[in-house]
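Notes for the structure review
Here are the chains, one letter per residue:
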Amino acid sequence: PQSPLFSDYAQAFLTLTEKTAIKDRTKKVYAAKIKVWQDFIGKSATLDEISPQTILNFQTWLAKDDPITERKGISARTIDTYTEVISQVYKTTIKKLADNPVEKRLVGKKQRMKSNRKPFTPDELTRIFDPERLNLCANPADVFVPILGLLTGSRPSNICQLRLGDIRREDGINVISYHDYLSDNSAKTDATNRIAPLHPILEKIGFLRYLEDIKNLPDTNATTLIFPWLNQYEQGYADVPTQNFTKVLKELGIWVFNVKVFYSLRHTTNQRMKERGVPEDFRSQYIGHENDSV
């Protein structure tokens, strides 16, 4: 008998997922990644035609730049997310009908931990955070999101989903609470959810006064976003602020694909703390990075 089509089981997986308590955003991510995989193998691909070599070819294709479509290659960590979704289809709906070709096909942990991103140099930071340039920004998010990224080491998605109630005072200290207990919030890892001190510089440059202005807007409460005009996209609220930051880096001649980007702020924070002798477990807890010792 002819081998079944992979597409039939992929559709069954997505249908079953709809009936679960998984967040809608995650369901959309599953559907988007399966579509990319399905487009790669073709709608008529059968289970017999999909082998470990097919998975390797797909991973290689994801990693390479495509000059024709102008598609940029993605990181090993992101490639793993595609591979894991394919594996879920096999584990959930295909099961014993066919061997799982994804088994042991995830990119190795050591390789995944490698990153091309580099910290910004002192000269680059001076140019990026030039007060005269910042004074010309009409959008408060274009000012405060990069500064928060530098001073907290947080991911842009976590910064842009902060709520007014997440910036508060505890035991005489202003703190930031990162969490994913609201339906629109997400956390990449458990380490993301944490409470961190608010850097004193943020108070000096008027961040708390800015928050008071937002609180005085109509119909605001503790769950109102600190940047309430940001739209939510598939990856959260950070799309526009990170795109605008990339434009700044390009204008300054600093931007290098996958090397000098917004996430370089996170690497800069970690590097500065490391240079000052802050132990790794403290650094990991502060910036919300998973660490076996935390």
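Structure's up top.
Everything numeric in this text was worked out from a predicted model, so none of it was measured.

**Regarding the overall build of the protein**
For the protein, the helix and strand inventory stands at 14 helices and 3 strands. Expressed as a percentage of the 294 residues in the protein, the buried residues total 42%. Within the protein, contacts between residues separated by at least 24 positions form 62% of all contacts whose residues are at least 6 apart in sequence. As displayed, the protein offers around 17000 Å² of accessible surface, 52% of which is attributable to carbon and sulfur atoms.

**Remarks on the pairing of strand β1 (residues 167-170)**
In the case of a regular strand, side chains alternate between the two sheet surfaces. By the bridge criterion, 4 bridges tie β1 to strand β2 (residues 173-178) in an arrangement that is antiparallel. Residue pairing for β2: R168 is matched across the bridge by V175. Count of turn residues in the β1/β2 antiparallel hairpin: 2 residues, of which D171 carries a positive phi of about 50°.

**What about helix α13 (residues 264-275)?**
Helix length check: α13, at 12 residues, gives a terminal C-alpha distance of 16 Å against a target of 16 Å (1.5 Å per residue), a fit within 8%. Listed in full, the buried residues belonging to α13 are S264, L265, R266, T268, T269 and M273. Taken together, the buried residues of α13 touch α6 (122-128), α8 (140-152), α12 (239-251) and α14 (280-287).

**Details of the side chain of R283**
Among the secondary structure elements, R283 is positioned in helix α14. For the buried R283, no salt bridge exists, and the shortest N-O distance to an oppositely charged side chain is 5.1 Å, to E280. Not counting chain neighbours up to four residues away, the residues in contact with R283 comprise N270, M273, K274 and V278.

**With respect to the packing of helix α3 (residues 52-63) against helix α4 (residues 76-94)**
Viewed as axis vectors pointing N to C, α3 and α4 meet at an angle of 150°, and their least axial separation amounts to 10 Å. The two elements α3 and α4 cross, and the hand of that crossing is right-handed. Side by side, α3 and α4 meet where I55, F58, Q59, L62 and A63 of the first sit next to I79, Y82, T83 and I86 of the second. Looking at the contact of α3 with α4 residue by residue, the class counts come to 7 nonpolar, 2 polar and no charged.

**Concerning the packing of helix α2 (residues 24-41) against α4**
Contact pair α2 / α4: the axes reach a minimum separation of 9 Å and the direction vectors enclose 90°. In terms of orientation, α2 and α4 fall into the roughly perpendicular class. Each of Y30, K33, I34, V36 and W37 in α2 lies in contact with α4, whose residues at this interface are T81, Y82, V85, I86 and V89. Here the residues of the contact of α2 with α4 sort into 8 nonpolar, 1 polar and 1 charged.

**Observations regarding the pattern of salt bridges**
A full pass over the atoms with the stated rule returns 6 salt bridges. Across the pair K35 and D39 runs a salt bridge whose closest N-O atoms are separated by 2.9 Å. Linking K35 with D39, this pair stays in helix α2, spanning 4 residues, or about one helical turn. In this structure, D123 engages R127 in a salt bridge whose closest nitrogen and oxygen atoms are separated by 3.6 Å. With D123 and R127 both in helix α6, this residue pair falls 4 residues apart, about one helical turn. The partly exposed category is assigned to D123, whose relative accessible area is 48%.

What counts as what
Residues take numbers from 1 onward in each chain, read along the sequence in its written order. Side-chain atom pairs in this predicted model are given and counted only at pLDDT of 80 or more, local residue features only at pLDDT of at least 70, and totals for whole chains, interfaces and linings cover all residues. Here the side-chain values reflect all heavy atoms present in the structure, with hydrogen atoms and water set aside. Comment: elements are numbered from the N terminus, with helices defined as DSSP H or I runs of at least four residues and strands as E runs of at least two. Any residue under 20% of the maximum accessible area for its type is buried, any over 50% is exposed, and the rest in between are partly exposed; the area is computed with a 1.4 Å probe on protein chains only. In what follows, a contact means two residues having at least one pair of non-hydrogen atoms within 4.5 Å. Using the Shrake-Rupley algorithm and a 1.4 Å probe, accessible areas are obtained, with residue cover drawn only from the displayed protein chains. We treat two strands as partners when DSSP finds at least two bridges between them. Expected helix span is taken as 1.5 Å per residue step, with the number of steps being one fewer than the number of residues. Note that His is not counted, nor are the chain ends; the positive residues are Lys and Arg, and the negative ones are Asp and Glu. Whenever a carboxyl oxygen of Asp or Glu lies within 4 Å of a side-chain nitrogen of Lys or Arg, that contact is scored as a salt bridge. Orientation is described by axes fitted as lines to C-alpha atoms, over the contacting stretch for helices, and by angles from 0 to 180 degrees between their N-to-C directions. Should the near helix be turned counterclockwise from the far one by less than a right angle, the crossing is left-handed, whereas a clockwise turn marks it as right-handed. Gly is placed with the polar residues, together with every amino acid not listed as nonpolar (Ala, Val, Leu, Ile, Met, Phe, Trp, Tyr, Cys and Pro) or charged (Asp, Glu, Lys and Arg). Any angle from 65 to 115 degrees is called roughly perpendicular, while one under 35 is roughly parallel, one over 145 is roughly antiparallel, and all others are oblique.

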